[in-house]
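Descriptive structure summary
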Amino acid sequence: MLLAQIMIPAASAAAVLFAIWLAFDVLKRDKGTASMQEIAGTILEGANAFLNRQYRTIGILAAVTSIVVGVIVGIFKESTEIAVLTGAAFIVGALASGVSGYIGMSIAVRANGRTAAAANNSLADAINTALRGGAVSGFLVVALSLIGVASMFAIYSRVLGHAIDETPFLIVGFGFGASFVALFAQLGGGIYTKAADVGADLVGKVEAGIPEDDPRNAAVVADLVGDNVGDCAGRGADLFESMSAENIGAMILGVAIFTATNRVEWIMFPLVRRSFGVFATIIGMMTVPFWAKRISDPMGALNGGYWTITVLSIIGLGICTKVMLEDVWYWFFFCGLIGIATGIAFVYITQYYTAGAWRPVQEIARASRTGSATNMIIGTAVGFETTAVTAITVGLALVGSFVLGSQADIENVNSVSFGVFGTAVATMGMLMSAAYVLAMDTFGPITDNAGGITEMAEGTKPEAREITDALDTVGNTTKALTKGYAVGSAALAAFLLFTAYLDEVKLEFGKIAGKDPERYAELVQDLGIIFDDDGTKAQAANDIADHVATLKAVHEEVDDEDKLSETTIDMLATADRQERDAIVGQKVEDGDLTT
């Protein structure tokens, strides 16, 4: 627990301060010529106009939805307090998601003109400016996700007095709020950017026969604005939702292990794990200028920073699991390695299918020489091909981490609980580098905008356009990379949320068993768990009533609710008698309970 108390606040503060430092570092750089500044200002004006309108609409919808969610939860939970807490968590999650996307995009839009100006100096300077501008968004997303989940957990458990094992279920609304904003930000920004991009190409390249980003094409500014509102703000909201849902889902899965071991580390592990990722990413970011000076290929320089983060993440994974996860730590260390390997796989699978140096893009380029029909056929075929590889990768990661996690052996904890927690650790491993991947994603629209500004501005050096073209090519790959990364992390997080949902269902069954043993017996009879006859049903109802009575008798002797909370009783209500007696007996032996 000491590690959690140190690492979570330290990482949260470090991420915010580092984002602020990056923002100041970018904003103090040369803005370029007067012509560059004028074009950059137009792009900023358009991006702000779109986001202001979009977030006003999202804000109204989020406020209404939070009330609806609270009412529904209150009805099903039969508790006004839980309804209010869930609705409040929803609003906080939506607000944090919106703020992270808005601020990150604001800095990214201001970085594009400075990247164009830096391209007049050198490739390394332009790479550093673009990546640092994108990293502001990446670190804010990670920081606000970590701060939001940790703060809600601390307030609900320590300030409002809810038991530790109850609190993860109460902050689920935070993830719902983040998902709500991500849905509209992705759809709104994504539709806008594609419509603007295609419109600019149709008007410029097809009808007028002029180059891309030509200043005579008025639609070019809308195209550049779309890159920012779609790939910066939209993708930031998407990854914010994935990280928040993964944190909360993993904490819920840790509750089952906490019930048996009474070690809060199993619940806090996801947040500590994310904290190590923050520090690894900060160090990795600082190494990019080193790689940029030694590797002429921009993608190689970005990969150098990514590999630095990967190595540091593995070290952090080892420390975190060793300190927090008892004697079975090594099984979860291997699960985390699977997650990190999955992240690496998605990075290079995406590069293979989107970078110009490899077969897929070259095939599409060759097909384009014979017309649009062959271009569409080959492009569609390559798109279908990518889905098979990514689906297999996600499936192997889930199965592998579940099998390894289920090998852990702690008394009174079943292998399924450990297996599912293993998949959570794998998801955490993949998302450790999320801030850097998001920085690479935002790197794409920044370099794309820088290329447009260089093309439209007067008096720029010819070499500057060559540099921005090279960066734009890499930026298209990094944007695709983050899309693949977001899909992979969302797939793992979806499995995590589904298993967390099953834990919630189990908890509800326990509440039914405590309030109405006969109804519970009917339910398990309908599910085929017990024989379908009245005698078996009556016996099951009597057994569950005695079972719950024993637990409540013990509960009355406990001073600290965290030692045996109502949630723990509900979870043990549906456990078999042997498991219940073993867990309660262990708590007595450890001195947590007195009977």
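Residues numbered from 1 in each chain as written. Predicted model: local features only at pLDDT ≥ 70, side-chain atom pairs only at ≥ 80, totals over all residues. Heavy atoms only, no water.

1. Observations concerning the side chain of serine 313
Heads up, the rule is: A run of H or I in DSSP counts as a helix once it spans at least four residues, and a run of E counts as a strand once it spans at least two, with each numbered from the N terminus. Accessibility here uses a 1.4 Å probe with only protein chains present; expressed as a share of the type maximum, an area under 20% marks a residue as buried, one over 50% as exposed, and anything in between as partly exposed.
Considering the arrangement of structural elements, one finds serine 313 in helix H10 (residues 298-324). Taking the relative accessible area as the measure of exposure, serine 313 reaches 3% and is therefore buried.

2. Notes on helix H6 (residues 172-208)
Put simply, the rule is: What a helix is expected to span follows from its residue count: subtract one and scale by 1.5 Å. Fitting one axis to the seven residues ending at a residue and another to the seven starting there, the bend at that residue is the angle between the two axes.
Taking 1.5 Å of rise per residue, 37 residues should cover 54 Å, and H6 covers 52 Å from first to last C-alpha, within 8% of that figure. At leucine 202, H6 shows its largest bend, some 30 degrees.

3. Here's the deal with the packing of helix H15 (residues 434-456) against helix H16 (residues 462-515)
Rule in force here: The convention used is that axes are lines fitted to C-alpha atoms, helices contributing only their stretch in contact, and that angles between N-to-C directions extend from 0 to 180 degrees. Left-handed is the label given to a crossing in which the near helix is rotated counterclockwise from the far helix by less than a right angle, and right-handed is the label when the rotation is clockwise. Each residue gets one label: Ala, Val, Leu, Ile, Met, Phe, Trp, Tyr, Cys and Pro are nonpolar, Asp, Glu, Lys and Arg are charged, and the others, such as Gly, are polar.
The geometry of H15 relative to H16 is characterised by a closest axis approach of 7 Å and an angle of 145 degrees between their N-to-C directions. Considering the relative orientation of H15 and H16, their crossing is left-handed. In terms of residue class, the contact of H15 with H16 is made up of eleven nonpolar, nine polar and six charged.

4. What about the packing of aromatic side chains?
Counted only if it meets this: When two rings of Phe, Tyr or Trp (its six-membered ring) have centres within 6.5 Å they constitute a pair, described as stacked for plane angles under 30 degrees, edge-to-face for angles over 60, and tilted for the intermediate range.
Within this structure, the stated rule accounts for 22 aromatic pairs. Taking 5.7 Å as the distance between ring centres and 50 degrees as the angle between the ring planes, the aromatic pair formed by tryptophan 266 and phenylalanine 418 counts as tilted. With a gap of 152 residues between them, tryptophan 266 in helix H8 (residues 265-286) and phenylalanine 418 in helix H14 (residues 415-430) connect regions that are remote in the sequence. Under the relative-accessibility criterion, phenylalanine 418 is labelled buried at 0%. Grouping aromatic residues by their ring pairs yields a cluster made of Trp266, Phe269, Phe332, Phe418 and Phe421.

5. Section: the confidence of the model for the protein
Test applied: Known as pLDDT, the predictor's confidence for each residue is given on a scale from 0 to 100.
Averaged over every residue, the pLDDT of the protein is 83; residues scoring 70 or more account for 90%. No element of the protein has a lower mean pLDDT than helix H20 (residues 577-589), which averages 62, and none a higher one than H8, which averages 93.

6. Digging into the nonpolar core
Soluble, globular proteins show a tendency: their nonpolar side chains are buried together. Quick reminder of the rule: The nonpolar core is taken to be a set of buried Ala, Val, Leu, Ile, Met, Phe, Trp, Tyr and Cys residues, with the residues joined through side-chain atoms within 4.5 Å. Contacts are assigned to residue pairs with any non-hydrogen atoms lying within 4.5 Å of each other.
By size, the foremost hydrophobic cluster in this structure holds 153 residues, and its most contacted members are Leu131, Phe139, Trp266, Val272, Phe332 and Tyr436. It is helix H7 (residues 219-261) that provides the largest number of residues to this core, a total of 18 residues. Not counting residues up to four positions away in its chain, the partners in contact with tyrosine 436 are Leu131, Thr281, Met285, Val288, Ala301, Leu302, Gly305, Tyr306 and Ile309.

7. Quick word on the side chain of asparagine 112
Assignment of secondary structure puts asparagine 112 in helix H3 (residues 80-118). Ignoring anything within four residues of it in the chain, the contact list for asparagine 112 reads Ala40, Ile43, Asn228, Ile446, Asn449, Ala450 and Ile453.

8. Focus: the pattern of salt bridges
Here the idea is simple: oppositely charged side chains can pair when their charged atoms come close. Here is the rule: The salt bridge criterion pairs a side-chain nitrogen of Lys or Arg with a carboxyl oxygen of Asp or Glu, the two atoms within 4 Å.
On inspection of all chains with the given rule, the structure shows eight salt bridges. Across the pair glutamate 326 and arginine 263 runs a salt bridge, and its minimum N-O distance is 3.4 Å. Of this pair, glutamate 326 sits in the loop between H10 and helix H11 (329-354) while arginine 263 sits in the loop between H7 and H8, placing them 63 residues apart in sequence. Judged by relative accessible area, which is 25%, glutamate 326 ranks as partly exposed. Since its relative accessible area comes to 26%, arginine 263 is described here as partly exposed. Residues participating in the shared-partner salt-bridge network are Asp25, Arg29, Asp125 and Arg132.

9. Here's the deal with helix H4 (residues 123-159)
The condition that has to hold: We call two N or O atoms a polar contact when they sit within 3.5 Å, provided that within protein one can donate a hydrogen and the other can accept it, with sequence-adjacent residues counted only if both atoms are side-chain atoms.
An ideal rise of 1.5 Å per residue puts 54 Å on 37 residues; H4 measures up with 52 Å between its terminal C-alpha atoms. At alanine 135, H4 is deflected by roughly 25 degrees, the largest bend along its length. Sitting at the head of H4, serine 122 places a side-chain oxygen 3.1 Å from the backbone nitrogen of aspartate 125. Backbone geometry just after H4 places glycine 161 at a positive phi near 85 degrees.

10. Thoughts on a nonpolar patch on the surface
Convention followed: Residues enter patches when their relative accessible area tops 30% and they take part in no salt bridge; the joining distance is 9 Å for like charges and 5 Å for the nonpolar side chains Val, Leu, Ile, Met, Phe, Trp and Tyr. The accessible surface values rely on the Shrake-Rupley method and a 1.4 Å probe; as for residues, cover is taken only from the protein chains in view.
Together, Ile60, Val64, Ile67, Val68, Val71, Ile72, Ile75 and Phe76 give the surface a local cluster of nonpolar side chains, amounting to about 820 Å² of exposed area. With respect to the helices and strands, isoleucine 75 occurs in helix H2 (residues 34-77).

11. Points about the environment of alanine 388
You can see alanine 388 is positioned in helix H13 (residues 372-405). The exposure class of alanine 388 is partly exposed, given its relative accessible area of 40%. Considered as a pair, alanine 388 and threonine 478 are 90 residues apart in the sequence and their alpha carbons are 21 Å apart.

12. Side note on the environment of alanine 89
Mapped onto the elements of the fold, alanine 89 is located in helix H3. Owing to a relative accessible area of 0%, alanine 89 belongs among the buried residues under this scheme. For alanine 89 and glycine 343, which are 254 residues apart along the polypeptide, the C-alpha to C-alpha distance reads 29 Å. Every residue in contact with alanine 89, bar those within four places of it in the chain, is listed here: Met152, Tyr156, Leu170, Ile171, Gly173 and Phe174.

13. A few points about the packing of H2 against H3
Formally: Roughly parallel covers angles under 35 degrees, roughly antiparallel covers those over 145, roughly perpendicular covers 65 to 115, and oblique covers all other angles.
Relative orientation of the contacting elements H2 and H3 amounts to 170 degrees, with a least axis distance of 8 Å. The pairing of H2 with H3 is recorded here as roughly antiparallel in orientation.

14. So, unusual backbone geometry
Although it is not a glycine, asparagine 262 sits at a positive phi angle of roughly 60 degrees. Structurally, asparagine 262 can be placed in the loop between H7 and H8. One non-glycine residue, glutamate 326, lies in positive phi territory at about 55 degrees.

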